[in-house]
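Here is how the chains run, residue by residue.
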Amino acid sequence: MNQGVKKFLLATVGVWDPIWIQWYRLKSGEKGPIPPFKNRDRIGARDIDWFLRSGAADYRVFRDALDRWEERDLAALSILDFGAGCGRILQHFIPDGPALAATDVDPTAIEYLHHAFPAITSIANQSRPPLPFKAEQFDCVYAFSVWTHLPGELQDEWLAEMRRIIKAGGLVLISTMGYRALKLLREGNNPLESDWHTISDEDLRARGAIYYEYPIFGQDDELFSGISASYGVAVHDPNFIRRAWNDGFEVLEIVEGAFREHQDLVVLRRS
Ligand SMILES: C[S@@+](CC[C@H](N)C(=O)[O-])C[C@H]1O[C@@H](n2cnc3c(N)ncnc32)[C@H](O)[C@@H]1O
């Protein structure tokens, strides 16, 4: 898209996005919450239809994993969506009836969640742990595309925090980017991801995990709202995860490409 047109559209988003949302509701009959453009944009889901459909698909992957690994009914569980954004996946868990909580480093996302889902405990967290929860507060935590953006040391710190807040025997479900995502990054043309064009599968096998900070990190307060540490793209070899993520956890399974043939699903059980 022409840069001038793009600038104009972004400057006038407050006018046309509510119209787009109303038009979408009329066309589709959708009655559920639809977040405003600035919240959808932050999580890479500008398109309303994509926001709703990908949310339902990604919810299904987490839900199926819970059906495989959790014997209790979902309505009996306390579940945290860590890095919930504007509830793309969270909203699909509501009919299952668990006690839901959500956190995100982005205060604008939490502001939206308070407004759209007042019954859900939603809290803005800092870039580094801890979360304001008791030890062993949750039966399950899930996180979609959060570890895919964190530098190595923060990945470890947040994994340790998940270990603290999850009950013994509880599940932590995390999406990661593996070889399928690496191929897309290598072949893609997003200027923010050009570091990945020369990274081979062999490089990932040798290094286990690779992280590159976004070149524009620190230059766009809206896009990186709430993030004081580094932010970029992280890719993991599943074998590295099996070796490195088992302190206090059993790695139950890693399903490559589980999320729309793009991100992998990692299922951990707290020992
Ligand atoms: C790609 S978005 C995914 C959002 C949501 N999970 C979804 O699937 O729609 C990544 C989210 O992780 C959040 N995030 C990044 N670092 C975080 C951190 N240290 N703690 C909590 N949330 C974080 C971002 O603010 C953003 O909302």
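Just so it is clear, the model here is predicted, and its values are computed rather than measured.

**Some remarks on the packing of aromatic side chains**
To describe a pair of aromatic rings, one takes the distance between the centres and the angle between the planes.
Then, number 1: In this structure the tally under the stated criterion is 15 aromatic pairs.
Then, number 2: Seen from their ring centres, F62 and Y142 are 4.8 Å apart, and the 45° between their planes marks the pair as tilted. Here F62, found in helix α4 (residues 48-69), pairs with Y142, found in strand β4 (residues 138-143); they are 80 residues apart in sequence, far enough to count as distant. Accessibility assignment for this pair places F62 and Y142 in one class, buried.
Then, number 3: Where F82 meets W158, the ring centres are 4.7 Å apart and the plane angle is 40°; that geometry is what we call tilted. Note that F82 is positioned in strand β1 (residues 78-82) and W158 in helix α7 (residues 152-165), a separation of 76 residues in sequence.

**A word on the site of the ligand**
Then, number 1: R42, G83, R88, D104 and F144 are the nearest of the 20 residues found near the ligand.
Then, number 2: Within the side chain of R42, a nitrogen or oxygen atom sits 2.7 Å from an oxygen atom of the ligand.
Then, number 3: Note that a nitrogen atom of the ligand is positioned 3.4 Å from one of the backbone N or O atoms of S127.
Then, number 4: Surface burial for the ligand is 96%, taken as the share of its 590 Å² of free accessible area covered by protein chains.

**Description of the environment of R243**
Then, number 1: Checked against the element boundaries, R243 lands in helix α10 (residues 238-244).
Then, number 2: On the accessibility criterion, R243 (55% relative accessible area) is exposed.

**Some points on α4**
Because each turn of an α-helix spans 3.6 residues, side chains separated by three or four positions end up pointing in the same direction.
Then, number 1: With 22 residues, α4 extends 32 Å from end C-alpha to end C-alpha; this agrees with the ideal 32 Å at 1.5 Å per step.
Then, number 2: Listing the buried residues of α4 in full gives I48, F51, L52, S54, G55, D58, Y59, V61, F62, R63, A65 and L66.
Then, number 3: The N-terminus of α4 is capped by D47, whose side-chain oxygen sits 3.3 Å from the backbone nitrogen of D49.

**Points about unusual backbone geometry**
Then, number 1: Along the chain, P129 connects to P130 via a cis peptide bond; the corresponding omega equals 10°.
Then, number 2: Unusually for a residue other than glycine, E136 sits at a positive phi of about 55°.
Then, number 3: Considering the arrangement of structural elements, one finds E136 in the loop between β3 (121-124) and β4.
Then, number 4: By relative accessible area, which is 40% here, E136 ends up partly exposed.
Then, number 5: The residue S145 is not glycine, and still its phi comes out positive at about 55°.
Then, number 6: Positionally, S145 belongs in the loop between β4 and α7.

**Considering the packing of helix α2 (residues 13-28) against α4**
Then, number 1: Relative orientation of the contacting elements α2 and α4 amounts to 60°, with a least axis distance of 10 Å. When the interaxial angle is binned, α2 and α4 end up oblique. On α4, the residues that touch W20, I21 and Y24 of α2 are I48, D49 and L52.
Then, number 2: For the contact of α2 with α4, a count of residues per class yields five nonpolar, no polar and one charged.

Conventions and cut-offs
- Each chain has its residues counted from 1, running along the sequence as written.
- Residues qualify for local features only when their pLDDT is at least 70, as the model is predicted, and side-chain atom pairs are given and counted only at 80 or more; totals for whole chains, interfaces and linings, by contrast, use all residues.
- Hydrogens and water molecules were not included; the side-chain quantities draw on all heavy atoms of the structure.
- The aromatic pairing rule takes the rings of Phe, Tyr and Trp, using the six-membered ring of Trp, and pairs them if the centres are within 6.5 Å, calling planes under 30 degrees apart stacked, those over 60 edge-to-face and the rest tilted.
- Helix and strand labels come from DSSP, where a helix needs a run of H or I of at least four residues and a strand needs a run of E of at least two; each type is numbered from the N terminus.
- Only protein chains enter the accessibility calculation, which uses a 1.4 Å probe; a residue whose area is less than 20% of its type maximum is buried, one above 50% is exposed, and one in between is partly exposed.
- The cutoff for a nearby residue is simple: one of its non-hydrogen atoms must lie within 4 Å of the molecule or strand.
- Under the rule applied, a polar contact is a pair of N or O atoms within 3.5 Å (in protein, one hydrogen donor and one hydrogen acceptor; residues adjacent in sequence only if both atoms are side-chain atoms).
- Here the Shrake-Rupley method, with its probe set to 1.4 Å, supplies the accessible areas, and only the displayed protein chains count as covering residues.
- A helix is expected to span 1.5 Å multiplied by its residue count minus one.
- The convention used is that axes are lines fitted to C-alpha atoms, helices contributing only their stretch in contact, and that angles between N-to-C directions extend from 0 to 180 degrees.
- Angle categories: roughly parallel below 35 degrees, roughly antiparallel above 145, roughly perpendicular from 65 to 115, and oblique for all the rest.
- Whether two residues are in contact is decided by their heavy atoms: any pair within 4.5 Å suffices.
- Residues are grouped as follows: Ala, Val, Leu, Ile, Met, Phe, Trp, Tyr, Cys and Pro are nonpolar; Asp, Glu, Lys and Arg are charged; every other residue, Gly included, is polar.

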